[in-house]
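Structure assessment
This is what each chain is made of:
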Amino acid sequence: MGLRDSFQAGLARQLGHPSGLRGRIVGTMLNRRNRAAVVKAVAALGLTGGETAVDVGFGGGLGLTLLLDQARLVHGVDISATMLDRARTAFREEIAAGRLAVHEGSITALPLDAGSADAIVSTNTIYFVDDLGLAFAEVARVLKPSGRFVLGIGDPELMGRSRMLTDNGFRIRPVAEVESALDAAGLTSHEHERFAHSGLGFHLLIARKDTGPK
Ligand SMILES: C[S@@+](CC[C@H](N)C(=O)[O-])C[C@H]1O[C@@H](n2cnc3c(N)ncnc32)[C@H](O)[C@@H]1O
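I will try to describe carefully the structure that is included in this document.

Among the nonpolar cores identified, the biggest contains 52 residues, and Ala53, Ile120, Phe136, Val139 and Val150 are the most heavily contacted of them. No other element matches the 6 residues that helix H7 (residues 132-142) contributes to this core. Discounting residues that sit within four places of it in the chain, Val150 has contacts with Ala41, Ala44, Leu45, Val121, Leu204 and Ile206.

Okay, the pairing of strand S2 (residues 73-78) next. The buried fraction of S2 amounts to 5 of the 6 residues, a majority that puts the element mostly inside the structure. Following the backbone out of strand S1 (residues 52-56), through helix H4 (residues 62-70) and into the adjacent parallel S2, one traces a crossover that is right-handed. Strand direction decides the pairing type here: S2 and strand S3 (residues 100-104), joined by 5 bridges, are parallel. Across the sheet, the residue bridging to Val77 is His103, located in S3.

You will see that Asn124, though not glycine, has its phi angle at about 60 degrees, which is positive. Tracing the backbone through its elements, the reader meets Asn124 in the loop between strand S4 (117-123) and H7. Given 21 C-beta atoms within 10 Å, Asn124 falls into the buried group. Although it is not a glycine, Ser146 adopts a positive phi angle of roughly 70 degrees. Structurally, Ser146 is set in strand S5 (residues 143-154). For Ser146, a count of 11 C-beta atoms within 10 Å puts it in the exposed group.

Turning our attention to the packing of helix H3 (residues 35-43) against H4. At their nearest, the axes of H3 and H4 sit 10 Å apart, and the two run at 35 degrees to each other. Helix-helix and strand crossings are classified by hand; for H3 and H4 the assignment is right-handed. Taken together, the residues of H4 that come into contact with H3 (itself represented by Arg35, Val38, Val39 and Val42) are Leu62, Gly63, Leu66, Leu67 and Gln70. When grouped by side-chain class, the residues that make up the contact of H3 with H4 number 6 nonpolar, 2 polar and 1 charged.

In this section: the site of the ligand. Close to the ligand lie 26 residues; Asn34, Gly57, Gly59, Ser80 and Thr123 are nearest. Residues that form the shell around the ligand fall into these classes: 12 nonpolar, 13 polar and 1 charged.

Another aspect to go through is the sheet that holds S5. As summarised here, the arrangement of the 7 strands in space is S3-S2-S1-S4-S5-S7-S6, forming an open sheet in which the pairing is mixed. Among the strands making up the open sheet, the edge pair consists of S3 and strand S6 (187-197). The mean angle between the axes of side-by-side strands here comes to 15 degrees, regardless of whether they run parallel or antiparallel. Summarising the sheet, S1 and S2 pair through 5 bridges and their orientation is parallel.

Calculation criteria
- Per chain, residues are indexed from 1 in the order of the written sequence.
- Local features in a predicted model are, by the rule used here, given only for residues with pLDDT of at least 70; side-chain atom pairs are given and counted only at 80 or more, and totals for whole chains, interfaces and linings are based on all residues.
- What we call a nonpolar core is a set of buried Ala, Val, Leu, Ile, Met, Phe, Trp, Tyr and Cys residues whose membership is set by joining through C-beta atoms within 7 Å.
- The burial label depends on the number of other C-beta atoms within 10 Å of a residue's C-beta. Counts of 20 or more mean buried, 12 or fewer mean exposed, and intermediate counts mean partly exposed, with C-beta atoms placed from the backbone.
- Secondary structure elements are taken from DSSP: a helix is a run of H or I of four residues or more, a strand is a run of E of two residues or more, and numbering for both begins at the N terminus.
- Once C-beta atoms are placed from the backbone, any two residues with those atoms within 7 Å are in contact.
- Classification remark: right-handed applies to a crossover when, strands pointing away from the viewer, the course from the first strand over the helix to the second runs clockwise.
- Think of it this way: DSSP has to see at least two bridges between two strands before they count as a pair.
- Note on method: axes are straight lines fitted to C-alpha atoms, helices fitted across the in-contact stretch only, with angles between N-to-C directions ranging 0 to 180 degrees.
- Should the near helix be turned anticlockwise from the far one by less than a right angle, the crossing is left-handed, and should it be turned clockwise, the crossing is right-handed.
- Gly is placed with the polar residues, together with every amino acid not listed as nonpolar (Ala, Val, Leu, Ile, Met, Phe, Trp, Tyr, Cys and Pro) or charged (Asp, Glu, Lys and Arg).
- For each residue, a C-beta atom is placed from the backbone, and the residue is labelled near a molecule or strand when this atom is within 6 Å of it.

Shape descriptors only; they carry no functional weight alone.
As C-alpha cells, then:
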C-alpha cells in the first residue's frame with residue numbers, strides 16, 4: 001500500500017472510530033467541517049426547550065452543544081472512548097449539572113430506556129453501520145410515540161465517487177434504501193431536505209415514530 005493509500009485508510013478508520021491523539025484532532029476537524037450539516041440537522045428536530053434529546057455518534061460534540069441550547073436533557077451516545085473522554089472534559093459543567101449524560105454504545109444497541117427520548121439526531125454515522133434495520137429499530141424503541149428522528153447523510157452519489165471512502169469500508173446507500181429502512185422500522189412521514197455543504201451534497205431525512213393503528 002502506498003503512502004497516500006495508507007494515509008487515507010487511516011483517516012477513514014478515524015472517521016468511523018476516532019481514537020487516541022489523532023482521534024481528538026479528528027473530533028475538532030469534524031466540528032468545523034460538518035458544522036452547517038449538524039446545525040441544520042439539530043434545527044430540523046424543532047425543539048422547544050422542554051425535551052429529552054439524543055445525539056447518536058456525536059463525534060466532536062457540536063451536536064451536543066446545540067442540543068444543550070435547545071432541549072432540557074441531552075444524551076450523547078458514541079462507540080468511541082476517545083470521543084467520550086473528550087466530551088466529558090468539554091462538557092464537565094453540563095454533566096455535573098445533570099443536563100447531559102454521555103454513554104459508550106452503538107446505534108444498534110442504544111444504552112437508553114425504551115420510550116425515553118422526544119428527539120434523536122444522528123449525522124454521518126450510518127456509513128459505519130452494517131445492519132441499518134437493527135439501528136433504526138433501536139431508534140424507534142428509544143423514541144416516545146410521535147418522537148422525531150433526524151438522520152443526516154452525505155450525498156451517496158458523490159460519496160460513491162471517493163475512493164478514499166469506497167476502498168475503506170464506508171457503507172454508502174442510496175437515499176431510497178435508507179428511507180425504506182426507516183419505514184420498515186416504523187419511522188415514517190419523513191420529509192427529505194437536500195442542501196450543499198462543504199461543496200458536497202447532504203441529505204436530511206426527517207421522520208416521526210409511528211403511533212400505531214388508530
Ligand atoms: C464521521 S463521525 C460524525 C460525527 C458527527 N455526528 C458529525 O456529523 O460531525 C462518526 C461518529 O460516529 C461514531 N460511530 C461510528 N459507528 C457508530 C455506531 N455504530 N454507533 C454510534 N456511534 C458510532 C464514531 O465514533 C464517530 O464519532
